[in-house]
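A structural walkthrough
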2 protein chains.
Amino acid sequence: MDLAIFSVVEDALRVLLVRRPDAHEEPFPGQWALPGGFIDLRVDQDLESCALRKLKEKAGISAPYLEQVGSWGGASRDPRGWSATHVYFALMASDDVSLVPGGNASDVKWANVDGNRIREKLAFDHTEILKAAITRLRNKVEYTSLPAFLMPAEFTLSELQHVYEITLDRSLEKKAFRTRVLATDLLEEVPRRRAGANRPAQLFKLRNRKHLVYFSRALTSGGRQ
Amino acid sequence: MDLAIFSVVEDALRVLLVRRPDAHEEPFPGQWALPGGFIDLRVDQDLESCALRKLKEKAGISAPYLEQVGSWGGASRDPRGWSATHVYFALMASDDVSLVPGGNASDVKWANVDGNRIREKLAFDHTEILKAAITRLRNKVEYTSLPAFLMPAEFTLSELQHVYEITLDRSLEKKAFRTRVLATDLLEEVPRRRAGANRPAQLFKLRNRKHLVYFSRALTSGGRQ
DNA sequence: TAACATGGTGGCACAGTACCACTAAGAAAT
DNA sequence: ATTTCTTAGTGGTACTGTGCCACCATGTTA
């Protein structure tokens, strides 16, 4: 079981990494890896509850967006022999990030996603797994409301667009974005505005914290470069 | 490892089933199930080669469209205890169907997909797994060229549309379908026509037997009822 | 040669997006 | 108090791909 836990922190898409134990009998000692671990047959009813348990242990969150990416198995991915892992990706709201890391700070970190990879070299086949997770995320953001699960409880339309732009790594056209989002029942106005050194912006919240909205088309090219 | 092998036979979407062995120490004796089996750690380099091997054994085909659907694991899916399986779905060209079944004819059959289920009651959690595979297939057909992998080497546009309609279980509008397909580089004309009791139809083949085309929108409602 | 059946197209309406200029509303600077 | 600045939010037209449907095309069969 391995997890790709994403969040948007400081205007960047990030993924949670943990450091492998430094014991010499362990494979890839001291290297960065995706959080995960073995299934506990006495505790975990099924794969999803195992993923939820790991998520709570590593990131301290209990009700994130969770989706299976797939499974990887083979003879060469672990030096100890044939192995298989089930991979999930999770999305964390940015205001829950402060709760992380739950363990020793030096052994957990958020790594920046650049393009469709990260700078760190990962243990096992985690580089390939992470690439698949990022690709899945990006593709799905094109035609769903996935980035909504990366938002805090209340947010403005511009903030939501900004998170879309960060996860897609390209700019979007403002009017098209707004029309498209407001045409669905994704959002609900709250009677508050975000103040700043400019015109205050309407705040919204999700109408349903669990529901994923599908758009009928993808947005193509984007606004200001 | 379990496989949902689809094909379109006699104007219907079908999935390949195998009968469980009748020995009493086996779970679900004599019941229908998705083809599959255990990974052979000496032979299978990774999950995909295991799926390809099973596919060759059960259906006698060697280069189909193959895609991972996900994995299922839990304490209650097998009476023998905690277990997990990796699930792939495969698409077979209709003219390869004659090669099936490879084993005893009475132990293998094509089952009709009705709605998003089949009539047969399946062993283990295979009913749920198959439902997920059918849903994945249907969803993806909306915006990709997946049904092209269900076609014989040469086919007409009407035949392709017909296979789309069978997999989607609804009718499509002729002009919209043609315009959309021909706007991509999916097909290539061959210098032959399909004769019949009517105007002969242009035959096409896939420009690339492996490449999957993505459309920018889904088709909505369809033509003649 | 007329009837029939399916192949294939022309043309207009419509929905959702692309584009871009414009107005709106607040804080900060003058 | 007025101007400047910055981001919020909108109006309006063009464009693309689809929905719709009538119509023509081209073969076989009666």
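Everything quoted here is computed from the prediction, not taken from an experiment.

Listed per partner, the contact involves 20 residues of chain B and 20 residues of chain A. Between chain B and chain A lies a buried interface of about 1500 Å² when both sides are counted; carbon and sulfur atoms form 53% of it. The largest contributions to the chain B side of the interface with chain A come from B:S71, B:W82 and B:R217, which together make up 35% of the buried area. At the boundary of chain B with chain A, the tally comes to zero salt bridges. Between the two partners, chain B and chain A, sit ten residue pairs in polar contact (both at pLDDT 80 or more).

Take the domain arrangement of chain A next. All names here are of chain A. Segmentation of chain A into domains returns domain 1 (2–141) and domain 2 (146–206). Opposite the 18 residues of domain 1 that make contact, domain 2 presents 14 residues. Ranking the residues of domain 1 by area buried against domain 2 places V8, R138 and V141 at the top, with a combined share of 40%. Connecting domain 1 to domain 2 are zero salt bridges. Taken together, domain 1 and domain 2 are joined by one residue pair in polar contact (both at pLDDT 80 or more). Those elements that provide at least two residues to the side of domain 1 that touches domain 2 are β1 (2–9), β2 (12–19), β5 (83–91) and α2 (126–143). With four residues, α2 is the largest single contributor of residues to the side of domain 1 that touches domain 2. Tallied by class, residues from the side of domain 1 that touches domain 2 come to eleven nonpolar, three polar and four charged.

Here the focus is the sheet that holds strand β9 (residues 187–196) of chain B. All names here are of chain B. On the basis of which strands lie adjacent, the open sheet formed by three strands has the order β8-β10-β9 and antiparallel pairing. Sheet topology places β8 (155–156) and β9 at the edges, where each strand pairs with a single neighbour. Here two bridges tie β8 to strand β10 (residues 198–206), and the two strands are oriented antiparallel to one another. From the neighbouring strand, T156 faces β10, where its bridge partner is L203.

Moving on: the protein's contact with DNA strand C. Neighbouring DNA strand C are 23 residues; A:R217, A:T220, B:K174, B:K175 and B:N198 lie closest to it. Contact between DNA strand C and A:T220: a phosphate oxygen at 2.3 Å from a side-chain N or O atom of the residue. Within the side chain of B:R178, one N or O atom sits 3.3 Å away from a phosphate oxygen of DNA strand C. With five residues, β10(B) is the single largest residue contributor to the surface near DNA strand C. Here the surface near DNA strand C is built from residues that sort into six nonpolar, eight polar and nine charged.

Procedures and definitions
- Residues numbered from 1 in each chain as written.
- Chains lettered and ligands numbered in written order.
- Predicted model: local features only at pLDDT ≥ 70, side-chain atom pairs only at ≥ 80, totals over all residues.
- Heavy atoms only, no water.
- Contact = heavy atoms within 4.5 Å.
- Buried area = accessible area lost by both parts, 1.4 Å probe.
- Salt bridge = Lys/Arg side-chain N within 4 Å of Asp/Glu carboxyl O.
- Polar contact = N/O pair within 3.5 Å; in protein donor to acceptor, adjacent residues only side chain to side chain.
- Domains from an automatic or database assignment.
- Helix = DSSP H or I, 4+ residues; strand = E, 2+ residues; numbered from the N terminus.
- Nonpolar A, V, L, I, M, F, W, Y, C, P; charged D, E, K, R; others polar.
- Pairing = 2+ DSSP bridges.
- Near = heavy atom within 4 Å.

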